[in-house]
Amino acid sequence: LAAAMHPPSKPTSGRWQDGLKAALQPLDPTALVVHVPSIDSTNTELMRRAREGDTRTCLLWADAQTAGRGRLGRQWHTQAGDALTFSLGLMFAPQSWSGLSLAVGCCLVQCLDPTGEHGLGLKWPNDLVLGRAQSMRKLGGILIETVVRSGEPEPGRYAVMGIGLNLSAPSHTDMRLPPAGLRESLGPDWQAEAVLSTLLPSLVQGLQRFTRQGFEAFAPAFAQRDALFGAELRLSNGQEGLGAGVDAQGVLRLDTPEGLRSVHSDEVSVRGANA
């Protein structure tokens, strides 16, 4: 791999929190930043608060999660120092929600690996990976959940965007892909606080852009990072074909002998790999 990025020097804890609040200002000047040593799940906590009526913009990050969740309810537990786990909750009203997880993924990988030299990519619909096709290993994932809030003047939706990134590859995992850690690519000195500080401004800018333009604005960037493009894929229903990118709404396309097929919710694996 090429020379790694250098992590920012760590200021005092108070200044660190101030920096995160400043990054959230464009979304909400009153946004909260909450850090906890351990929690069941940052997503679960913000969803719980939203259902109880607390729909303030909040960045919640934890050193460790004891009941972290991924797509389809898969468990993802983390230990302090080995991963970055955080959730951003906010009232969100894009013109279309289609492709949001892909857009968030684009923001993350373009920030951490802007030239693509480290091989960070995206596996539809919500995984960050190192490598492509059969050599893919999972760096992290994105879990987006929403709560509908009724009220005046218009009903709104509270979105919780959970992001988990391995800093070091875990030895035990419920992931279907072999795990990888960011330190393999970015260097051994990166800590969770530094990664979060680096990522947050890019994520905020991306959410603003998604609100205005939708997934269409991210489609070219995703195409460059698409770890499934051209790979021999198998769906959970047994259908096979070649990865053919995504459409304008971020729906996966599968090139089969019967023609292109749109894949909305099937589990997708790479033939010949434990994916």
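Preceding this paragraph is the structure being described.
Residues numbered from 1 in each chain as written. Predicted model: local features only at pLDDT ≥ 70, side-chain atom pairs only at ≥ 80, totals over all residues. Heavy atoms only, no water.

**A look at the overall build of the protein chain**
Piece 1. Looking only at helices and strands, one finds six helices and 12 strands in the protein chain.
Piece 2. Sorting the 275 residues of the protein chain into buried and exposed places 50% on the buried side.
Piece 3. Of all intrachain contacts in the protein chain linking residues separated by at least 6 positions in sequence, the fraction that spans at least 24 positions is 65%.
Piece 4. When the accessible surface of the protein chain is split by element, carbon and sulfur atoms take 48% of a total near 12,600 Å². (Helix = DSSP H or I, 4+ residues; strand = E, 2+ residues; numbered from the N terminus. Buried < 20%, exposed > 50% of the residue type's maximum accessible area, 1.4 Å probe, protein only. Contact = heavy atoms within 4.5 Å. Areas by Shrake-Rupley, 256 points an atom, 1.4 Å probe, with all protein chains shown as cover.)

**A closer look at the environment of Thr-44**
Piece 1. Mapped onto the secondary structure, Thr-44 falls in helix α2 (residues 42-51).
Piece 2. By relative accessible area, Thr-44 is classed as partly exposed at 21%.
Piece 3. C-alpha of Thr-44 to C-alpha of Gly-162: the two residues are 118 residues apart in sequence and 9.4 Å apart in space.

**Some words on the packing of aromatic side chains**
Piece 1. For the structure shown, the criterion picks out four aromatic pairs.
Piece 2. Plain terms: the ring middles of Phe-210 and Phe-218 are 6.3 Å apart, the flat faces sit at 40 degrees to each other, and that makes the pair tilted. Phe-218 matches Phe-210 in its accessibility class, with the two residues each being buried.
Piece 3. A ring pair is formed by Phe-215 and Phe-222, whose centres lie 6.4 Å apart and whose planes are at 65 degrees; its orientation type is edge-to-face.
Piece 4. Site record: aromatic cluster; members linked through ring pairs are Phe-92, Trp-97, Phe-210 and Phe-218.
Piece 5. We note Arg-157 situated over the ring of Trp-97; from NZ or CZ to the ring centre the distance is 4.7 Å.
Piece 6. Above the ring of Phe-218, the side-chain terminus of Arg-209 is found at 5.3 Å from the ring centroid. (Phe/Tyr/Trp six-rings, centres within 6.5 Å; stacked < 30°, edge-to-face > 60°. Lys NZ or Arg CZ within 6 Å of the ring centre and 35° of its normal.)

**As for helix α3 (residues 100-112)**
Piece 1. Helix length check: α3 (13 residues) gives 19 Å between terminal C-alpha atoms against 18 Å at 1.5 Å per residue, within 8%.
Piece 2. Within α3, 12 of the 13 residues are buried, leaving the element largely enclosed by the surrounding structure. (Expected span 1.5 Å × (residues − 1).)

**As for the layout of surface pockets**
Piece 1. Looking at the largest pocket, its volume works out to about 450 Å³.
Piece 2. Taken together, 19 residues make up the lining of the largest pocket; nearest its centre are Trp-97, Gly-99, Leu-100, Ser-101 and Pro-125.
Piece 3. Looking at the lining of the largest pocket, the elements that each hand over two or more residues are α3 and β6 (137-149).
Piece 4. Per-element accounting of the lining of the largest pocket gives the leading share, five residues, to β6.
Piece 5. Partitioning the lining of the largest pocket into residue classes produces nine nonpolar, eight polar and two charged. (1 Å grid on protein atoms, 1.4 Å probe; cavity = no way out; pocket = protein on both sides within 12 Å on 5 of 7 lines; lining within 4 Å. Points joined across faces, edges and corners; volume = space filled by probe spheres on them. Nonpolar A, V, L, I, M, F, W, Y, C, P; charged D, E, K, R; others polar.)

**Observations concerning the sheet that holds strand β8 (residues 232-235)**
Piece 1. Spatially, the five strands line up as an open sheet ordered β11-β10-β9-β8-β12, and their pairing is antiparallel. Each having just a single partner strand, β11 (259-263) and β12 (268-270) make up the two edges of the open sheet. Going across the sheet, the axis of each strand differs from the next one's by a mean of 45 degrees, ignoring polarity.
Piece 2. Across three bridges, β8 lies against strand β9 (residues 240-246) in antiparallel orientation. When the sheet's bridge partners are listed, Arg-234 is paired in β9 with Glu-240. (Pairing = 2+ DSSP bridges. Axes fitted to C-alpha atoms, helices over the stretch in contact; angles between N-to-C directions.)

**Quick word on α2**
Piece 1. Among the residues of α2, Thr-42, Asn-43, Glu-45, Leu-46, Met-47 and Ala-50 are the ones counted as buried.
Piece 2. You can read the cap of α2 off the contacts: a side-chain oxygen lies 3.3 Å from the backbone nitrogen of Asn-43, and it is on Ser-41.
Piece 3. In the segment just after α2, Gly-53 is the residue with positive phi, at about 105 degrees. (Polar contact = N/O pair within 3.5 Å; in protein donor to acceptor, adjacent residues only side chain to side chain.)

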